Amino acid sequence: MTNQLSMKKLLLSLAVLSLPVQAVAPSIALGQKSYAIGLGGGAAIPVGKLADRQATGYNAMISLAIGVSDLPFGVRFDGIYNNLANTKSPPAGVSTAKMRVSSALANLVFAFPGTTAKAYLLAGVGLYNSKADLPNAKTQNNFGFNAGFGSTFAFGPIATFFESRYHTVSRSESKGGVYQFVPITFGFMF
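Procedures and definitions
Residues numbered from 1 in each chain as written. Predicted model: local features only at pLDDT ≥ 70, side-chain atom pairs only at ≥ 80, totals over all residues. Heavy atoms only, no water. pLDDT = per-residue confidence, 0-100. Contact = heavy atoms within 4.5 Å. Phe/Tyr/Trp six-rings, centres within 6.5 Å; stacked < 30°, edge-to-face > 60°. Buried < 20%, exposed > 50% of the residue type's maximum accessible area, 1.4 Å probe, protein only. Salt bridge = Lys/Arg side-chain N within 4 Å of Asp/Glu carboxyl O. Helix = DSSP H or I, 4+ residues; strand = E, 2+ residues; numbered from the N terminus. Pairing = 2+ DSSP bridges. 1 Å grid on protein atoms, 1.4 Å probe; cavity = no way out; pocket = protein on both sides within 12 Å on 5 of 7 lines; lining within 4 Å. Points joined across faces, edges and corners; volume = space filled by probe spheres on them. Nonpolar A, V, L, I, M, F, W, Y, C, P; charged D, E, K, R; others polar.

Q: Hey, could you run me through the confidence of the model for the protein in this one?
A: Atomic detail in the predicted coordinates should be set aside for any region of low pLDDT. Summing up the model confidence of the protein, the mean pLDDT is 83 and the portion of residues at 70 or higher is 78%. Across residues 10-31, where pLDDT falls below 50, the model places two contacts with residues more than four positions away in sequence or in other chains.

So this is what it looks like as structure tokens:
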């Protein structure tokens, strides 16, 4: 008898606790889901110790943005490719080469209210793959994070975006240590 009474109390408690979720769920479900695919490119600027060895290069990006039109929060998945150029005058005896960095990122996005133009903040984590363009150089896979800001400008079904992000990639000291770069990207969302 005690077990039945405890089970009834547990089920009643779960039903009461689920009421607020059920009351909110229909309003969220009514919000129109939206997604966009983005393509972009621009400059990739090395910072910190990386700027001692590499010069400004270029970046390319493909994105999938997912959100709900009534909410300011969303998720964005990015694939990026950065090619950082050689330094123009390396120290004597030091060989420098282009450095390629590609990554797969997952970001949270917060968009400020706006009509045709919207500013946004984004931050996330990802897996970065880097390789110096030298003979016998090995590819390195490391985790890192990024954060930045941008703005979108709507033009009918297409939007343009302009953003800048700070990327920092964790590497052990034996593999060259932490490195950072800042891509500045212009692109289109479809």
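Q: Even after reading the chapter, I still don't get the packing of aromatic side chains, so can you show me in this structure?
A: The description of an aromatic ring pair uses the distance of the two centres, along with the angle that the planes make with each other. On inspection of all chains with the given rule, the structure shows six aromatic pairs. Arranged with centres 5.0 Å apart and planes meeting at 90 degrees, the rings of Phe 110 and Phe 112 form a pair that is edge-to-face. The partly exposed category is assigned to Phe 110, whose relative accessible area is 26%. A relative accessible area of 34% places Phe 112 in the partly exposed class. Summarising the aromatic geometry, the rings of Tyr 128 and Phe 181 are spaced 6.4 Å apart at their centres and angled 80 degrees between planes, so their arrangement reads as edge-to-face.

Q: So what exactly am I meant to see when it comes to the pattern of salt bridges here?
A: Close approach of charged atoms allows side chains of opposite charge to pair. What the rule picks out here adds up to five salt bridges. Between Asp 78 and Arg 165 there is a salt bridge, with its nearest N and O atoms 3.0 Å apart. A residue pair is termed long-range when its members are at least 10 positions apart, and Asp 78 in strand β3 (residues 73-86) and Arg 165 in strand β7 (residues 158-169) qualify at 87 residues. Residues joined by salt bridges that share partners form a network here, namely Arg 76, Asp 78, Glu 163 and Arg 165.

Q: What exactly am I supposed to notice about the pairing of strand β8 (residues 179-189) here?
A: Side-chain positions along a regular strand alternate between the two faces of the sheet. Counting buried positions along β8 gives eight out of 11 residues, so the element sits mostly inside the fold. Looking at chain direction, β7 and β8 are connected through nine bridges and run antiparallel. Each residue of the ladder has a partner; that of Ser 164, found in β8, is Ile 184.

Q: What should I look at first to understand the layout of surface pockets in this one?
A: In this approach the atoms are scanned with a rolling probe the size of a water molecule, which exposes any empty space left behind. Size it by volume and the largest pocket reaches roughly 880 Å³. Forming the walls of the largest pocket are 35 residues, and the residues nearest its centre are Ser 34, Ala 65, Ala 111, Lys 118 and Thr 152. Where the lining of the largest pocket is concerned, the elements lending two or more residues are β1 (33-47), β2 (54-68), β3, β4 (99-111), β5 (117-132), β6 (140-155) and β7. Taken together, the residues that form the lining of the largest pocket break down as 22 nonpolar, 10 polar and three charged.

Q: Could you clarify how one ought to interpret empty space enclosed by the protein in this entry?
A: In total, this model carries one cavity of 30 Å³ or more according to the counting rule given. If you add up the space inside the largest cavity, you get close to 60 Å³. Those elements that provide at least two residues to the lining of the largest cavity are β2, β3, β7 and β8. A per-class count over the lining of the largest cavity returns four nonpolar, four polar and two charged.

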